[in-house]
Amino acid sequence: MTANADLAAEKLTVEPLKPATPHRLYLSDLVLAHVIDGRIHVIDGENFDYRGLISTGMFGITALSPDSSEMYVATSYYTKRNRGKRFDQFEAYSTTDLTLKTEIEIPAKHAQALGYKGTIVGSHDGRFVFIQNATPASSITVVDRKAEKFVTEIATPGCWISLPAASNSRRVSTLCGDGTLLTVTLDEKGESASQQRSAKLFDAESDPLFVQSERIGDTNYFVSYQGNVHELNLGGTAATSERTWSLLNEQDKSEHWAPGGYQLLAVHEKTRRLYVAMHDGARDGSHKQPAKEIWVFDIDSRQRIDRAPGGNAVAMTLTKEDSPALYVYDGMHAKFHKYQTTPNLKPIAESPTFGEFAGLVESH
């Protein structure tokens, strides 16, 4: 070959994404130091290999679709990147290859908030997507995935977080600041057909609820700042209380144990176990404290059956398996701790560092 010979043209290729397993993790990262550049990290929880990335723009809020086939994103863009005219979009990405499937312009009102579960969420059948708005007035944007369009904005004054019913895909509830829940029932087009407030179901002044909940059927499990579990049924035209019970015994109370974190609980339907991030020495304002321990409760007996080191958890998720693994995100060191859940709860692995300002994790 001479010095002037042409080099062979390189062919660019894209490595296919490995098929998802129940241990694939989606870590939403607000990257607060450069917030216009948010992202979702896609990670193989078996070996903590990095699989890919989905861009989420500025203050993007995210959620897996009910069947895990798509990742939902509601986000803001500006015509001059960090200034100019704001426009908001709903976006759906395929979890098979992380490609963009659809983008729909929505009112420029979506909540530019931390990644709490329920700020964006799909109806049980995947037909509608509910997006939390804050201007700061609260409302819910409804997107129709069948028609691929924005449908309506539903005013929900004083209420926050969308909680779809399992038994009725046209029904969604939201937590309100007066201790009630507002339930909205949609018509077939996704417009509000009726709204009904519940009775007062919790004391928002003396013992407020964390906005995150996990559900089995129509029963949603909430925990309060003082360590009470509220089982609320969201299947009807108005929410009702099924049961309230405490996570704490007398010794726990004397040591001031309390729940804490952002995504601080997980529920496993088959074993009917509740996992909660807990810290001792709790005080007013410590409700976002990373976990010192993870406590496990049998839902039916309402008894604590296990406890383990907390891994500084600020977020957690269970895999969707009969014998699940628990993954917690360490808010102090920006890494995952993996736990076995049977025969007892025990940390078995930890990851390298992932994320900069992350606080929401979901499993495939």
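That block above? That's the structure.
Calculation criteria
Residues numbered from 1 in each chain as written. Predicted model: local features only at pLDDT ≥ 70, side-chain atom pairs only at ≥ 80, totals over all residues. Heavy atoms only, no water. Helix = DSSP H or I, 4+ residues; strand = E, 2+ residues; numbered from the N terminus. Buried < 20%, exposed > 50% of the residue type's maximum accessible area, 1.4 Å probe, protein only. Polar contact = N/O pair within 3.5 Å; in protein donor to acceptor, adjacent residues only side chain to side chain. Contact = heavy atoms within 4.5 Å. Pairing = 2+ DSSP bridges. Axes fitted to C-alpha atoms, helices over the stretch in contact; angles between N-to-C directions.

Visitor: How would you summarise the side chain of Glu293 if you had to cite specific residues and measurements?
Guide: The residue Glu293 is located in strand S22 (residues 293-298) in this model. On the basis of relative accessible area, Glu293 is assigned to the buried category, the value being 17%. Reaching out from Glu293, the side chain makes a polar contact with the side chain of Trp295 at a distance of 2.8 Å. In this structure the side chain of Glu293 is engaged in a polar contact, spanning 2.8 Å, whose partner is the side chain of Arg307. Contacts of Glu293, omitting those with residues within four sequence positions, involve Trp257, Val276, Ala277, Met278, Arg307, Ala308, Pro309 and Gly310.

Visitor: Could you give an account of the pairing of strand S3 (residues 49-64), naming the residues involved and the relevant values?
Guide: Summarising the sheet, strand S2 (residues 38-44) and S3 pair through seven bridges and their orientation is antiparallel. When the bridges of S3 are listed, Ile43 appears paired with Tyr50. Where S2 folds back onto S3 in an antiparallel hairpin, the turn is made up of four residues, including Phe48, whose phi is positive at roughly 60°. Strand direction decides the pairing type here: S3 and strand S4 (residues 70-78), joined by five bridges, are antiparallel. Across the sheet, residue Ile61 finds its bridge partner in S4, namely Ala74. Linking two consecutive strands that pair antiparallel, namely S3 and S4, is a turn of five residues; a positive phi of about 65° is found at Ser68 within it.

Visitor: So what about the sheet that holds strand S7 (residues 120-122)? Which residues, and what values?
Guide: An order of S7-S8-S9-S10 is seen for the four strands of this open sheet, with the pairing classed as antiparallel. The outermost strands of the open sheet, each flanked by one partner alone, are S7 and strand S10 (149-155). Going from strand to strand, the sheet's axes swing by 20° on average, the running direction of each strand aside. Two elements, strand S9 (residues 138-144) and S10, share six bridges in a ladder whose sense is antiparallel. Counted as the bridge partner of Val143 is Phe150 from S10.

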